[in-house]
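# Coordinate inspection notes
Residue-level listing of the chains:
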Amino acid sequence: MPPHVEFIGVEKTYDGRTLVVRNLDLAIARGEFLTLLGPSGSGKTTSLTMLAGFETPTRGEIRLDGRSLLRAPPYRRNIGMVFQNYALFPHMTVAENVAFPLSVRRVTRGDIGPRVRRVLEMVRLEGLGERHPAQLSGGQQQRVALARALVFSPALVLMDEPLGALDKQLREHMQFEIKAIHRQLGVTVVYVTHDQGEALTMSDRIAVFSQGAIQQIGTPTELYDAPASAFVAQFIGENNRLAGVIEAIDGPRCRVRLADGSTVSATRGLDLPRGAACTLSIRPERLHLGLAAENRLAARLADVTFHGDHVRLRVVLAEAAELVIKLGPRAAPHPLTPGQTVELGFDSRDCRALDAPGTATIDSADPAALQ
Amino acid sequence: MAADETAALRRRLMRAERRARLRAFALVAPLLAFLAFTFAVPLASMLWRAVADPELGTALPRTAALLRAWNGSGLPDEAVFAAAAEELAHAAQDKAAGLLAKRLNYEEPGYRTLILKTANRLSPPFAQGARAAMEAIDPRWGERPIWLAMRRAAAPLTGFYLLAALDLQQGEGGVTAVPAERAIFRIVLWRTLGIAAATTAACLALGFPVALLLARAPPRRAGLLMLLVLLPFWTPLLVRIAAWIVLLQEHGVINDTLTGLGLTRQPLPLLYSRSAVLIAMTHVLLPYMILPLYSVMRSIPPVYLRAAASLGAPPFAAFRRVFLPQCLPGIGAGSLLVFILAIGYYITPALVGGAADQMISSQIAFYTIGTANWGMAAALSAVLLAATLILYAAYARMAGTGGLRLG
Ligand SMILES: Nc1ncnc2c1ncn2[C@@H]1O[C@H](COP(=O)(O)OP(=O)(O)O)[C@@H](O)[C@H]1O
Ligand SMILES: [Mg+2]
């Protein structure tokens, strides 16, 4: 059975000079929840728009159920889409909006009513059918958009930053509901967001975009625990970076010399040669204080902040590099006074040697600046 | 808080607000004064002239009072004759008699000479009595119609002009239609409404695609196209009409081209026809349709059409059910604007239309400039104003209740 959706060597340029999407190869399985994650301007919307049929690839092919979509106009693709600002028709009531895909498909009036009612129930908007979109809150409008994209039972639903306009609490609630609906209906969802937290909680797989190309694709755990580039490590989750040079290679491990001359043992995240510059990437929660560990570094404690469920320490290494440490409340020794010297410990499996800035195969911009 | 404290607080609030209100009023006061002087006053005086009937009261005040008391049966009694004869003889010296003669002539052609003749020849004292003296000058003074006409003219207000503007008249048996050979205004009114409706339809048919093009074009091209749309606004009206005369006349550009190509044997009668009026008026009024349409279309985000397509609507269905309904406010505003401007048109039909293409404004011009019949001109203006207001009310009602819906 072919993948549900397939991008094969897809390229897109609007102006004939810059590629907004480069050589995109992507296969999406039936029923999968796939997220396109990346900073703004990285080509996510463009990829989604080509799948929906509003833009045509300048090269390559997109297939749905193994059949090329090149000749299919958007209204024949049978793909549900939730737009960023919902695009609810302002002159129609909620019920008319939701009935729209059915009535253009010439579903009989007798069938439209129950189907609209059922889908409005699913998004918990029963009783609001006679309102106009302007009379609804942002969260309710979002549900109407969702209902309208689902009512004609498409096998594939596209969502372009559907929660971008909602406040944090509502956004988390809607993430949960969208996931529940996805599980209940078993539809394939292609979801676009620039919010890594949202991508991590919702997705089966995440494709990380940067500058029109996929940097890495994998499950949320794969991306978090084994980022394949400094860009991905930095974009997903919190991350500490240290610059170094590969001194020796030993199978999946390597020894890296830091700027101050000390060496640490790390996992090779990329196939970097001996002598290559690299970036070490360590998650803040994988650093600890004064425990037995493979690698130990002396540092000066800059400050301590209390967050209830954890404590964050900012430490400065001899080479003036700054690291953040996240400790569980029990793991923090007492007393901690800024200015004191501490000893950091971490294991080689939690420390990955990745591409150094400017040396990557893809010139990834600093994601922190892009966010 | 104690009650008197609250009251004091409320007073302070009112004082503060009153100052703000006064300041706001002072800011708009010049505009209000300007509007009152240039708009409200002329309008009110126009409406007043449509119903005012002062001529008899001015020329023959005592007679007017007596006629108002007369019950209208038979002939008025001797006192009325006496007052009329004396006042008519007196009025012969000033302009009032002339105005009265003109006014009564509207009631029945021929009354002008009757009044002027009688006024000139009467010379008191009347040896045989006033009635005999008047009947000696013209036997019509011994019959009822002139007295009934004068009785109608004696009231300070009259429905005469307004009825006449609708081809109605006040006869002895109530309001009746005027004889067909004298009915003109209703035909002209319907013609005016018809030409305005046809012009509106033509403007909509031509303007809608242009507005759509403008709304969809990238900003720089839209700016250039908008310049072309607005160009006619910067050309004087007469120049534009003259251009149409050049194009449409018997040996004009169009006819020369048609005969030159051998498509027609003789020149077509294009100028001084209904089509010339429609073409020229559509041309002049087109921007008034395009601008409101354009501004409404610009405010409709293109994402709605994408949403409609993603939901399965083919282009035409998306246009009809999603785009068009959202254009309705623009269609309504543009049509109303064009229609209301069109029903008041005067110069254009006068220059490129034939006798059968003249609109109600030409009648108004005729009565103001041609015959100085202010009452009739004012009544026709009032009818035009009423038609406009009715249309506007209908539009506001449809727009207000959302009744104008296609989707
Ligand atoms: N219709 C368009 N015409 C020209 N350039 C566009 C158009 N849409 C997007 N772009 C450009 O393509 C790049 C990628 O945009 P987009 O796909 O919207 O990124 P994302 O959704 O990841 O933020 C951006 O640089 C943007 O300016
Ligand atoms: Mg986007």
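Calculation notes
Residues numbered from 1 in each chain as written. Chains lettered and ligands numbered in written order. Predicted model: local features only at pLDDT ≥ 70, side-chain atom pairs only at ≥ 80, totals over all residues. Heavy atoms only, no water. Helix = DSSP H or I, 4+ residues; strand = E, 2+ residues; numbered from the N terminus. Buried < 20%, exposed > 50% of the residue type's maximum accessible area, 1.4 Å probe, protein only. Contact = heavy atoms within 4.5 Å. Lys, Arg positive; Asp, Glu negative; His and termini not counted. Charge placed at Lys NZ, Arg CZ, Asp CG, Glu CD. Disulfide = S-S within 2.5 Å. Near = heavy atom within 4 Å. Polar contact = N/O pair within 3.5 Å; in protein donor to acceptor, adjacent residues only side chain to side chain. Nonpolar A, V, L, I, M, F, W, Y, C, P; charged D, E, K, R; others polar. Buried area = accessible area lost by both parts, 1.4 Å probe. Salt bridge = Lys/Arg side-chain N within 4 Å of Asp/Glu carboxyl O. Pairing = 2+ DSSP bridges. Axes fitted to C-alpha atoms, helices over the stretch in contact; angles between N-to-C directions. Domains from an automatic or database assignment. Core = buried A, V, L, I, M, F, W, Y, C linked by side-chain atoms within 4.5 Å. Parallel < 35°, antiparallel > 145°, perpendicular 65-115°, else oblique. Patch = residues over 30% accessible without salt bridge, like charges linked within 9 Å, V, L, I, M, F, W, Y side chains within 5 Å. Areas by Shrake-Rupley, 256 points an atom, 1.4 Å probe, with all protein chains shown as cover. Phe/Tyr/Trp six-rings, centres within 6.5 Å; stacked < 30°, edge-to-face > 60°. Lys NZ or Arg CZ within 6 Å of the ring centre and 35° of its normal.

This part covers the overall build of chain B. Regarding its fold elements, chain B presents 19 helices and two strands. With the C-alpha coordinates aligned to their principal axes, the bounding extent of chain B is approximately 100 × 100 × 35 Å. The proportion of buried residues among the 407 residues of chain B is 40%. Sequence separation of at least 24 residues holds for 69% of the intrachain contacts in chain B that already meet a minimum separation of 6.

All right, on to the overall build of chain A then. Helix and strand counts for chain A stand at nine helices and 20 strands. Taken over the C-alpha atoms alone, chain A extends approximately 75 × 45 × 35 Å along its principal axes. When burial is assessed residue by residue, chain A has 51% of its 371 residues classed as buried. Of note, chain A has its 42 positive side-chain charges centred 5 Å away from the centre of its 40 negative side-chain charges.

Take the state of the cysteines next. Within this structure, the stated rule accounts for zero disulfides over all chains. We note that Cys278(A) lacks a disulfide partner, and the nearest cysteine sulfur, in Cys254(A), lies 6.4 Å from it. Cys203(B) supplies the cysteine sulfur nearest to Cys327(B), a cysteine that is in no disulfide, at a spacing of 17 Å.

What follows covers the site of ligand 1. Residues and elements named next belong to chain A. Around ligand 1, the structure places Tyr14, Val20, Pro39, Ser40, Gly41, Ser42, Gly43, Lys44, Thr45 and Thr46. In the model, a nitrogen atom of ligand 1 is placed 3.4 Å from a nitrogen or oxygen of the tyrosine 14 side chain. The contact in question runs from an oxygen atom of ligand 1 to an N or O atom on the backbone of glycine 41, over 2.6 Å. Of the residues that constitute the shell around ligand 1, the class distribution is three nonpolar, six polar and one charged.

What follows concerns the interface of chain B and chain A. Taken residue by residue, the interface counts 17 residues in chain B and 23 residues in chain A. For the pairing of chain B and chain A, the buried interface totals around 1,800 Å² over both sides, and the portion due to carbon and sulfur atoms is 67%. Contact with chain A buries surface across chain B, with Arg306(B), Leu311(B) and Arg321(B) losing the most and accounting together for 37% of the total. Our count for the contact surface shared by chain B and chain A stands at one salt bridge. Counting across the interface, chain B meets chain A through three residue pairs in polar contact (both at pLDDT 80 or more). Going through the elements one at a time, helix H15 (303–310) and helix H16 (315–343) of chain B are the ones with two or more residues in the side of chain B that touches chain A. In terms of residues, the side of chain B that touches chain A owes the most to one element, H15(B), which gives seven residues. Its residues assigned to classes, the side of chain B that touches chain A comprises 11 nonpolar, three polar and three charged.

Attention now goes to the sheet that holds strand S20 (residues 351–355) of chain A. If you trace the five strands once around the closed barrel, you get S11-S12-S13-S20-S14 (chain A), paired in mixed fashion. Across the sheet, the mean angle from the axis of one strand to that of its neighbour is 55°, orientation sign disregarded.

All names here are of chain A. Looking at the secondary structure, you find isoleucine 28 in strand S2 (residues 21–28). As for isoleucine 28 and methionine 174, which are separated by 146 residues in sequence, their C-alpha atoms are 23 Å apart. Apart from residues no more than four positions distant in its own chain, isoleucine 28 is found in contact with Pro3, His4, Val5, Leu34, Thr188, Val190 and Arg205.

Moving on to the pattern of salt bridges. All names here are of chain A. Per the counting criterion, the structure on display carries 28 salt bridges over all chains. In this structure, the salt-bridge partner of glutamate 177 is arginine 143, at a minimum N-O distance of 3.2 Å. Of this pair, glutamate 177 sits in helix H5 (residues 168–185) while arginine 143 sits in helix H4 (residues 138–150), placing them 34 residues apart in sequence. Among the residues examined, arginine 143 registers a relative accessible area of 11% and is labelled buried. We note a salt bridge from glutamate 247 to arginine 257, for which the minimum N-O separation is 2.4 Å. Taken as a pair, glutamate 247 in strand S11 (residues 240–250) and arginine 257 in strand S12 (residues 253–258) lie far apart in primary sequence, 10 residues in all.

Before going further, it helps to examine the domain arrangement of chain B. Split into domains, chain B comes out as domain 1 (1–41), domain 2 (55–156) and domain 3 (185–403). The straight-line distance from the C-alpha centre of domain 2 of chain B to that of domain 3 of chain B is 51 Å.

Consecutive side chains along a regular strand alternate between the two faces of the sheet. Residues and elements named next belong to chain A. As judged from the five bridges shared by S12 and strand S13 (residues 263–268), these two strands associate in the antiparallel manner. Residue arginine 255 lies in a different strand from S13, and its bridge partner there is serine 265. Bridge count between S13 and S20: two bridges; the pairing is parallel. Each residue of the ladder has a partner; that of threonine 267, found in S20, is arginine 352.

On to the sheet that holds strand S9 (residues 205–210) of chain A. All names here are of chain A. Taking strand neighbours across the sheet as the criterion, the six strands line up as S6-S7-S8-S3-S9-S10 in an open arrangement whose pairing is mixed. Among the strands making up the open sheet, the edge pair consists of strand S6 (79–82) and strand S10 (213–218). The sheet shows a mean angle of 15° between the axes of neighbouring strands, direction not considered. Examined bridge by bridge, S6 and strand S7 (residues 156–160) share four bridges and lie parallel to one another. In the sheet register, glycine 80 faces S7, and the bridge partner there is valine 157. Where H4 meets the sheet, its contacts fall on S6 and S7, and the angle it forms with S6 comes to roughly 170°.

Turning to the nonpolar core, a few remarks are in order. Formed by 134 residues in total, the largest nonpolar core has its most connected members in Leu51(A), Phe89(A), Phe100(A), Leu146(A) and Leu158(A). Setting aside residues no more than four positions away along its own chain, Leu51(A) makes contact with Val5(A), Phe7(A), Ile62(A), Leu69(A), Arg77(A), Ile79(A), Leu156(A), Leu158(A) and Val190(A). Counting residues in hydrophobic clusters, the runner-up holds 33 residues, among them Leu60(B), Val80(B), Tyr111(B) and Ile115(B).

All names here are of chain B. Across the interface, helix H11 (residues 219–230) lies against helix H14 (residues 274–298) with an axial gap of 10 Å and an inter-helix angle of 150°. Taken together, the axis directions place H11 and H14 in an arrangement best described as roughly antiparallel. For the pair H11 and H14, contact is made by Met226, Val229 and Leu230 and by Pro287, Ile290, Leu291 and Tyr294, respectively. When grouped by side-chain class, the residues that make up the contact of H11 with H14 number seven nonpolar, no polar and no charged.

Let us look at a nonpolar patch on the surface. Residues and elements named next belong to chain B. Among the surface-exposed residues, Leu224, Leu227, Leu228, Leu231 and Trp234 lie close enough to one another that they form a single nonpolar patch of about 550 Å² accessible area. Residue position: tryptophan 234 is located in the loop between H11 and helix H12 (237–248). Note on tryptophan 234: relative accessible area 55%, which makes it exposed.

What follows concerns the side chain of Thr199(B). Residues and elements named next belong to chain B. One can find threonine 199 in helix H10 (residues 185–216). Given the relative accessible area of 0%, threonine 199 is considered buried. If we skip the residues at most four places from it in the chain, threonine 199 touches Leu278, Met281, Thr282, Leu285 and Val338.

Residues and elements named next belong to chain B. Under the definition given, this model contains 17 aromatic pairs over all chains. When the ring of phenylalanine 81 is compared with that of tryptophan 147, the centres are 4.7 Å apart and the planes differ by 65°; the resulting orientation is edge-to-face. With phenylalanine 81 in helix H4 (residues 78–91) and tryptophan 147 in helix H8 (residues 144–154), this pair connects stretches of sequence that are 66 residues apart. For tryptophan 147, a relative accessible area of 0% corresponds to the buried category. Ring centres 6.0 Å apart and planes at 50° place the aromatic pair phenylalanine 185 and tyrosine 367 in the tilted group. Highlighted residues: phenylalanine 185 in helix H10 and tyrosine 367 in helix H18 (residues 360–370), separated in sequence by 182 residues. Taken together, Phe208, Phe316, Phe319 and Phe323 form an aromatic cluster joined through their ring pairs. In this structure, arginine 49 packs its charged tip against the face of tryptophan 374, placed 5.3 Å from the ring centre. Sitting above the plane of the phenylalanine 323 ring, arginine 216 keeps its charged end 5.3 Å from the centroid.

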